[in-house]
Structure formats: structure tokens, C-alpha cells
Amino acid sequence: MTDKIDVKKVARLARLNLTPEEEKDYTEKFQQVLGYVDQIAEVVIEGELSTKDESLQQLYRPDQAIDSSVHPKDFSPYLENQFFKVPPIIE
Amino acid sequence: MKYEPVIGLEVHAQLSTASKMFCSCSTSFGAAPNQHTCPVCLGLPGALPNVNEKAVQYAIMLGLATNCEIILDSQFARKNYFYPDLPKAYQISQFDRPICEKGWIDIEVKGKTKRIGITRIHMEEDAGKLVHEGEDPNASYVDLNRAGTPLLEIVSEPDIRTSEEAKAYMEKIHSFVTYLGICNGDMEKGNLRCDANVSIRPVGEEKFGTRTESKNLNSFRNVAQSIDAEIARQTDVLLDGGKIVQETRLWDANQRTSRSLRVKEDSQDYRYFPCPDLPVVLIDPEQVNKARETLPELPDQKRDRFTQQYALSPYDAAVLVADQAIATYYEEVIALGADAKKTANWVTVELARLLNENKQTIRECKIRPPNLAALLALIADGTISGKIAKTVFEEAFTTGKEPGQIVEEKGLRQESDQGALEKICLEILQENQAQVAAYQGGKDKLFGFFVGQVMKKTSGKANPKLANELMKKLLGPA
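So, here is what we can say about the structure in this document. Quick caveat, the model's predicted, so the values are computed rather than measured. (Residues numbered from 1 in each chain as written. Chains lettered and ligands numbered in written order. Predicted model: local features only at pLDDT ≥ 70, side-chain atom pairs only at ≥ 80, totals over all residues. Heavy atoms only, no water.)

Time to look at the overall build of chain B. Looking only at helices and strands, chain B has 15 helices and 16 strands in total. For chain B, the C-alpha radius of gyration of 30 Å lies well beyond 23 Å, the compact-globule estimate for 478 residues. Summarising its shape, the C-alpha atoms of chain B cover approximately 95 × 55 × 50 Å along the three principal directions. When the 478 residues of chain B are sorted by exposure, 50% land in the buried category. Considering only residue pairs separated by 6 or more positions, chain B has 69% of its internal contacts joining residues 24 or more positions apart. (Helix = DSSP H or I, 4+ residues; strand = E, 2+ residues; numbered from the N terminus. Rg over C-alpha atoms; globule rule 2.2 N^0.38 Å. Buried < 20%, exposed > 50% of the residue type's maximum accessible area, 1.4 Å probe, protein only. Contact = heavy atoms within 4.5 Å.)

Spelled out as C-alpha cells, the structure:
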């Protein structure tokens, strides 16, 4: 029931360049993961399945600005002039 | 073939909360890069989001104002995509259960009212900011101060057909969020921004054409101009036998053109799924009722009240209420006893022109309501003419001086003394005997010339009505 996964497309969405070997490798691995999903889909359940758990109560936070005690400058090695430095992004 | 545009707008409003959507970091603008960050908005492992109560309240308020159904058990979802301004590699948004659905607002274009459907309003968090001009040309720089700032995304139905309607819709949303006080509405700073989905189809066709999404529309004018440009571009492509590609386009306001940014990802590419870190957003119906009762007067209600209470035209009333600060200013002038219709004219014409020319907001304006009321009183009691009042108004706008003081200092008081004016009129007749003869010989169009001479001789200070009467009496029939 599962369609064959388009690894090239997934790689593009993830902005990854895959070698042909990697493509083949990931295709197999993804198919395995989808196989588990097929297995779950085979389970027969009674009644409706909900994706939400209403037993958990949302705890709201009052709108108050509180400065964090942890800052990137205390732990990140990737800062330059307090900015995170990343590979160039040119659209 | 004739084509018809189909337009839908997605408006993002940055909420004016003190703290972020899911953590207590400040949302204030202008801090050092990454100063307002914490493990939650940095997306560090193990950090858990915690919903800002006020952001939910604000969403309910906008939903009620735009006639939406409030969903009492909405849900947060993860929208997955990879970009360095998004530290978690997903944005917490809402997908199949947004907080508000199925609303509408009315817009007015060319004196006609049109209803535009609101598909949904959902809560989400903003991304960070990317800077490309750093020390290293082969790097980009990320500031996550904005990451996690609460946003409301307002999605319209594809009910809009012209750029004019799109602009009117955007202006309406702007007035709603500012009236509600949930967003400061500053479009230049990106606090209210708009993406336009545009497609065209042959007139009479039911099916929609392929749409493009134009981003980066940060003014009402940009919204209108980009839509017109996109309609023209798509028409050209189709007339040339081409096909429209579904893509995101970036509007360049200076060049007045757009360019392709990227081929658009489909909704399924975002792999939305319910955010396991956040339980369902349960809202007590009582909270919704309370919010409904405490909604402030909204632009449409204020417009209707203005037309009734002050006998204004719907157009004047709509112009006045578009900006809440202007509407308040107007009512403050009226409260000081000024005539409603005359005040509306001064505010919508002279004041609007000067504010626009000087790029000022009404709050920065030096003519405060008592000053304008005083000026109108000077016209009403005949101290100055309407024409001189414009000079006084401009002076007051620049200097902030009291109108009465300007009139005294510059000697602008209107000449309404009958004897003095009559003397001047007689002098003019004496000096222009040829014209008098011509007038009396039947050239009645010369009448304006004589009154003009009176105004000239008095530097515009003669009471125009009195000057007219006197001249008519002195010249006799034409």
C-alpha cells in the first residue's frame, strides 16, 4: 500500500546532496520505515482514534518578559559579533 | 481571451505581547543579536514550549472581530522545513485545527460594500532574522531575537478580484488589529505583512488557474502594485501560449517587478503533524463570551456611528475611522464645540495632506485638537476667512503656535469693517475706470476682477462676503 518514496525529493527538501550510493541506501532505509507504518496500519481498532489527548491540560503562561539565564554567548562556539555564523544562504 | 484575477491574501500580524509565544523571552526590538533567546526559542534539546496566555486571548479577539467561529479545542502542529532562521527545523503553527475559522469582513470599494471570507486565523511563531552582509562574504549570520515572536496568520478566501479590493482588505485588517490593540500595525517594520496568492482564469471559467505567491509586501501600495504586476505577467504568459508555474515570487518595490524565489513546496512537503509538546488549546466558552463583551468599538461600528451622530457622508466617516488615532483626534475636536462637517473636511483634507507631505503621524502632529478647534472657532466668528485659515493652519503645523497668536502676530484678522472696506472699494473703482465702464456696458464677467482687486489690496484679509456685497452695490447693475 505504500508508494515508493522519492528520496531525491526528500533530499532536496532537506537541502542535502546525496551520492547515488547514498540515494540507494536511503531508499532502502526509508522503505523499511514505511514498512513499520504499514504494520501499524494493519492493527484493527474499535471506535475512533484521536490524535489529541484531552486528559492533558494546557498550562498557560502569563505574558511576562523574563530574561533567560542562559545565553548563546555562554556556550556557543559558532558566534561572530553575537550572530550565529552559518554557511551562506543565497536564494 | 479575457482573464479574471482570483486573489487571496495571507496576512501575518505580529502580536504586541511583552514575551514570546512559547517562552518568556522579551519581544522588544533593537537588542543585541541573540540577546532575547533561551533554550526554548533556540530549540535546544529537552526544552519545552509553554503557551503565552495573552497571545491566545488576542487570537480570540481578532476571531470575534472578524466574525469567525472560535474553535474551543484547537491544536498546535509542527511545520517542518529546513532553514537557518528556524532553529528547531520546524515552526510551531496550527494546521487542521486553527483557533478561528469561517469568518468574514466587509470592505468598501468605489462606494460598494463587498464581503470577503476569512478561511482561518491561526497562531504560530515567527522565525529569526538572516543577515547576509557580515565580515565573511562566504557566510550568513543569524539573529534569533525574533524567533518565537507570536504571530497570527489571517487567511482570506479567494474572494478578491482586483488590486483595489486587496488594498481595501489589507487596510481593513490593519484597522482591526490596531483598534483591538493586538498589533502595532507598522508595515515598514514588518509587524504586519502580507503575501498575495494570485491566479487568473478565463472569464466564466469556474476552475482556478495555477497560482503564484508574492511575498514581501510591506505597504498598502506594494500590495496593490505587486498584484497588478502579477496579473499582467500571468496574462502575458498565457497569451503567449505559456504555462503558469506554481512558485513563490519576491516583490521588489523599487524596481516594481517580481522575480521567482523558489518553486513552492506543497503543503504535504511540510509534513505537518500535531505538536507532541503541546496539549490541545482548550478554551472555556465563558472566556469567549467575556472577550465578546469587552471588544472595543470597531471601525465599521464607528463609521456607522459617525454617519449618524455627526451626519457625515459614509466616505468621510470611512476615511476618519481608518486610523483609530485620527478618529479619536476628530472626536476630541468636536467635543470642544467645533462643527462636525467642517472639522471632517479639515481633518481629511488639510491635515491629511500636511501629515502625508511631512511623513508625520497624527500623534507627532503639533496641531493638537484644541488648536484645530480654536482655528475653526476663528473662522466661525468671522475673525479670519477660510482662505487665510489655511495659511494659519500651515504655520501652526510647522511651529505648533496657537492659531489666535498667529493671527495677531501676522495681522491676519479679517477686514469686516463696512466703512473701511467701502473706502477701499471706491479707491479701486477710481483706479479702474475703463473696467467700470466695460462692466456697466454689459461685461458682467468683470465682477470677479473687482473683488479680486479688493482681496489684493487687503492682502486677502477682506471679508469675501462683505466685499462681494459692497462691490455689487457700488457698481450697480451690469
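Additional details are given in the paragraphs that follow.
Applying the stated criterion across every chain yields a total of 13 aromatic pairs over all chains. Centre to centre, the rings of Phe83 of chain A and Tyr141 of chain B are 6.2 Å apart; their planes meet at 70°, and the pair counts as edge-to-face. With one member in each of two chains, Phe83 of chain A in strand 2 (residues 83–86) and Tyr141 of chain B in strand 9 (residues 140–143) form a pair that bridges those chains. In this structure, Phe83 of chain A and Tyr141 of chain B share a single accessibility class: buried. Between Tyr439 of chain B and Phe450 of chain B, the aromatic rings sit 6.0 Å apart at their centres with planes inclined by 85°, giving edge-to-face as the arrangement. Highlighted residues: Tyr439 of chain B in helix 13 (residues 433–440) and Phe450 of chain B in helix 14 (residues 447–457), separated in sequence by eleven residues. Classification of Tyr439 of chain B as buried rests on a relative accessible area of 7%. Counting every residue linked through ring pairs, the aromatic cluster contains Tyr81, Phe95, Tyr270 and Tyr272 of chain B. (Phe/Tyr/Trp six-rings, centres within 6.5 Å; stacked < 30°, edge-to-face > 60°.)

Another point: the pairing of strand 1 (residues 3–14) of chain B. The two faces of a sheet get side chains in turn, since along a regular strand they alternate between them. Residues and elements named next belong to chain B. Counting buried residues in strand 1 gives ten out of twelve residues, a clear majority hidden from the surface. In terms of strand pairing, strand 1 meets strand 11 (residues 192–202) through eleven bridges, oriented antiparallel. Within strand 11, the residue paired with Val11 across the bridge is Cys194. (Pairing = 2+ DSSP bridges.)

Turning our eyes to something else, we now look at the interface of chain B and chain A. Contacts between chain B and chain A engage 54 residues on the former and 37 residues on the latter. Buried area between chain B and chain A, summed over both chains or domains, comes out near 4000 Å², and the portion from carbon and sulfur atoms is 53%. At the boundary of chain B with chain A, the tally comes to two salt bridges. Across the salt bridge formed by Asp269 of chain B and Lys9 of chain A, the nearest N and O atoms sit 2.9 Å from each other. Across the chain B-chain A interface, the total number found is 20 residue pairs in polar contact (both at pLDDT 80 or more). Among the secondary structure elements, those contributing two or more residues to the side of chain B that touches chain A are helix 1 (53–65), strand 8 (129–131), strand 9 and strand 16 (281–282) of chain B. With four residues, strand 9 of chain B is the single largest residue contributor to the side of chain B that touches chain A. Among the residues forming the side of chain B that touches chain A, the class breakdown is 29 nonpolar, 15 polar and ten charged. (Buried area = accessible area lost by both parts, 1.4 Å probe. Salt bridge = Lys/Arg side-chain N within 4 Å of Asp/Glu carboxyl O. Polar contact = N/O pair within 3.5 Å; in protein donor to acceptor, adjacent residues only side chain to side chain. Nonpolar A, V, L, I, M, F, W, Y, C, P; charged D, E, K, R; others polar.)

This part is about the sheet that holds strand 5 (residues 90–93) of chain B. Residues and elements named next belong to chain B. Strand order in the open sheet formed by three strands is 5-4-15, with antiparallel pairing between adjacent strands. Of all the strands in the sheet, just strand 5 and strand 15 (273–274) have a single pairing partner and so form its edges. Taken together, the four bridges between strand 4 (residues 77–80) and strand 5 define a ladder with antiparallel strand orientation. Looking across to strand 5, one finds that Asn80 is bridged to Tyr90.

Let us now look at the sheet that holds strand 8 of chain B. The antiparallel open sheet is built from four strands, whose spatial order is 1(A)-2(A)-9(B)-8(B). Each edge of the open sheet carries a strand with a single partner, namely strand 1 (79–80) of chain A together with strand 8 of chain B. By the bridge criterion, three bridges tie strand 8 of chain B to strand 9 of chain B in an arrangement that is antiparallel. Bridge pairing links Lys129 of chain B to Asp143 of chain B in strand 9 of chain B.

On to unusual backbone geometry. The general pattern is negative phi for most residues beyond glycine and trans for most peptide bonds. All names here are of chain B. Of note in this structure, Asn67 is not a glycine but carries a positive phi near 60°. Positionally, Asn67 belongs in the loop between helix 1 and strand 2 (69–70). In this model, Ala311 sits at a positive phi of 55°, which is unusual for a non-glycine residue. Considering the arrangement of structural elements, one finds Ala311 in the loop between helix 5 (299–309) and helix 6 (314–321).

With that settled, consider the pattern of salt bridges. All names here are of chain B. Under the defined criterion, the tally for this structure stands at 41 salt bridges over all chains. A salt bridge links Lys114 to Glu165; the shortest N-O distance between them is 3.0 Å. In this pair, Lys114 sits in strand 7 (residues 112–125) while Glu165 sits in helix 2 (residues 163–180), placing the two residues 51 residues apart along the sequence. One continuous salt-bridge network, built from bridges that share partners, spans Glu108, Lys172, Asp300, Arg303 and Asp304.

Glancing now at the side chain of His12 of chain B. Residue and element names in this part refer to chain B. Looking at the secondary structure, you find His12 in strand 1. On the accessibility criterion, His12 (11% relative accessible area) is buried. A distance of 3.2 Å separates a polar atom in the side chain of His12 from a polar atom in the side chain of Glu124. Of note is the side chain of His12, whose polar atom sits 2.9 Å from the side chain of Glu153. Excluding anything up to four places from it in sequence, His12 contacts Glu124, Leu151, Leu152, Glu153, Asn191, Leu192, Arg193 and Asp195.

All names here are of chain B. Looking at the element boundaries, Thr66 is found in the loop between helix 1 and strand 2. A residue is classified by how much of its surface remains accessible, and Thr66, at 1% relative accessible area, is buried. Other than its neighbours up to four places away in sequence, Thr66 contacts Gly103, Trp104, Ile105, Ile118, Ile121 and Phe176.

Further remarks concern the pairing of strand 7 of chain B. All names here are of chain B. When strand 6 (residues 100–109) meets strand 7, the two strands line up antiparallel, connected through nine bridges. Within strand 7, the residue paired with Ile105 across the bridge is Ile116. Here strand 6 hands over to strand 7 after two residues, with Lys110 in that stretch at a positive phi of 50°.

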